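Chain by chain, the residues:
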Amino acid sequence: EQIGKKTILMKNSVSKLTILGFQHVLVMYSAAVIVPIILANALQLSNLDLAFLISADLFTCGIATFLQSFGIGRFIGIKLPVVLGCAVITLGPMISIGKTGGMTVLYGQFITSVLVFACSFFINKIIKFFPPIVIGSLVTIIGFSLVPLALQDMAGGIGAENFGDPINYLVAIFVLIIILLINRFCKGFANL
C-alpha cells in the first residue's frame, strides 16, 4: 500500500517535471529564435544572415546550458538543470549599434561578454549597487522600449501581406486575455 502511494507520487512528480521541462525548453527556444528574427528584421538582413544568427544563437545557448548544468570546477556554472536562452535586454542596443556601425561593429559587442563573465565572479559584492528600485526601473524601461516592436508583431509583422488586419489584433488580444485569466484564477501547478 505504502509503495503504491510512493509510486503514484513519483509518477505525478515525473509528469509535472516533464511538463515544466518542456515548457522551459519552449521558452528558451522561442527567445533564442525571436531575438535574431527581430534583429534581422530591424537591420534588414538577408534570410541567409537570419539563419546564421539563429544557428549561432542556438549553438551558444547550448554551450551556456552545458556550462551552467555541469559546471567547470567550483566557480563556473550553477550545476542545476537549467536551459539558457537569449536575453532580450540587449536587443535595443544591438539594433542601434547594427544600424549605425553595421554587423562588424555589432559582432564586436560580443567581446563585452568577457567583461560580464569577469564581473560574475564579484556579483555578490556589487549587487548592493543595484537595489530593487534600480532593477525594477530597468525592467520597466526595457518593457517600454519593446512596445513598438510588440505592436508591429501584433499587426502581423512588418512586410506581412495582412499587416494591420484586425484578425491579427484579435489573436494577440485573445492570447493576452488567456494569460491574464490563467494568472488570476489558476492556482498551484497550473499557474506556473
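Everything numeric in this text was worked out from a predicted model, so none of it was measured.

Draft legend 1. Representation of the overall build of the protein. Counting secondary structure elements, the protein contains eight helices and zero strands. Since a compact globule built from 192 residues should have a radius of gyration of about 16 Å, the 20 Å found for the protein marks it as more spread out than a globular shape. Expressed as a percentage of its 192 residues, the buried residues of the protein come to 15%. Put simply, 48% of the contacts in the protein that link residues at least 6 apart link residues at least 24 apart. Carbon and sulfur atoms make up 75% of the accessible area of the protein, which amounts to about 14,200 Å² in all.

Draft legend 2. Region of the structure containing the packing of aromatic side chains. Under the definition given, this model contains one aromatic pair. On the numbers, 4.9 Å between centres and 45° between planes, the contact of F66 with F70 is tilted. Taken together, the residues span about one helical turn, with F66 and F70 both in helix α2 (residues 47-70) at a distance of four residues. On the basis of relative accessible area, F70 is assigned to the exposed category, the value being 57%.

Draft legend 3. Structural view of unusual backbone geometry. In the Ramachandran plot, Q44 falls in the positive-phi region, its phi being about 55° despite a non-glycine side chain. Relative to the helices and strands, Q44 is located in the loop between α1 (2-43) and α2. With a phi close to 60°, K79 is a non-glycine residue in the positive phi region. With respect to the secondary-structure elements, K79 resides in the loop between α2 and α3 (91-108). The exposure class of K79 is partly exposed, given its relative accessible area of 41%.

Draft legend 4. Fine view of the environment of G62. Relative to the helices and strands, G62 resides in helix α2. Linking G62 and L20, residues 42 residues apart in sequence, is a C-alpha distance of 19 Å.

Draft legend 5. Spotlight on the confidence of the model for the protein. Summary statistics for the protein give a mean pLDDT of 81 and a share of 91% for residues scoring 70 or more. Note that residues 4-10 has pLDDT below 50 and, in this model, zero contacts with residues that lie over four places away or in other chains.

Draft legend 6. Structural detail: α2. Taking 1.5 Å of rise per residue, 24 residues should cover 34 Å, and α2 covers 34 Å from first to last C-alpha, within 8% of that figure. Here α2 has its buried residues at L50, L53, I54, D57, C61, T65 and S69. Just downstream of α2 lies G71, where phi reads positive at about 70°.

Draft legend 7. Molecular detail of the nonpolar core. Core analysis: the largest hydrophobic core is formed by 13 residues, its most contacted members being L39, L91, I95 and L106. For this core, the secondary structure elements donating two or more residues are α1, α2 and α3. No other element matches the six residues that α1 contributes to this core. Not counting the four nearest positions on each side in its chain, L91 is found in contact with V35, I38, L39, L146 and L149.

Rules used throughout
- Residues numbered from 1 in each chain as written.
- Predicted model: local features only at pLDDT ≥ 70, side-chain atom pairs only at ≥ 80, totals over all residues.
- Heavy atoms only, no water.
- Helix = DSSP H or I, 4+ residues; strand = E, 2+ residues; numbered from the N terminus.
- Rg over C-alpha atoms; globule rule 2.2 N^0.38 Å.
- Buried < 20%, exposed > 50% of the residue type's maximum accessible area, 1.4 Å probe, protein only.
- Contact = heavy atoms within 4.5 Å.
- Areas by Shrake-Rupley, 256 points an atom, 1.4 Å probe, with all protein chains shown as cover.
- Phe/Tyr/Trp six-rings, centres within 6.5 Å; stacked < 30°, edge-to-face > 60°.
- pLDDT = per-residue confidence, 0-100.
- Expected span 1.5 Å × (residues − 1).
- Core = buried A, V, L, I, M, F, W, Y, C linked by side-chain atoms within 4.5 Å.

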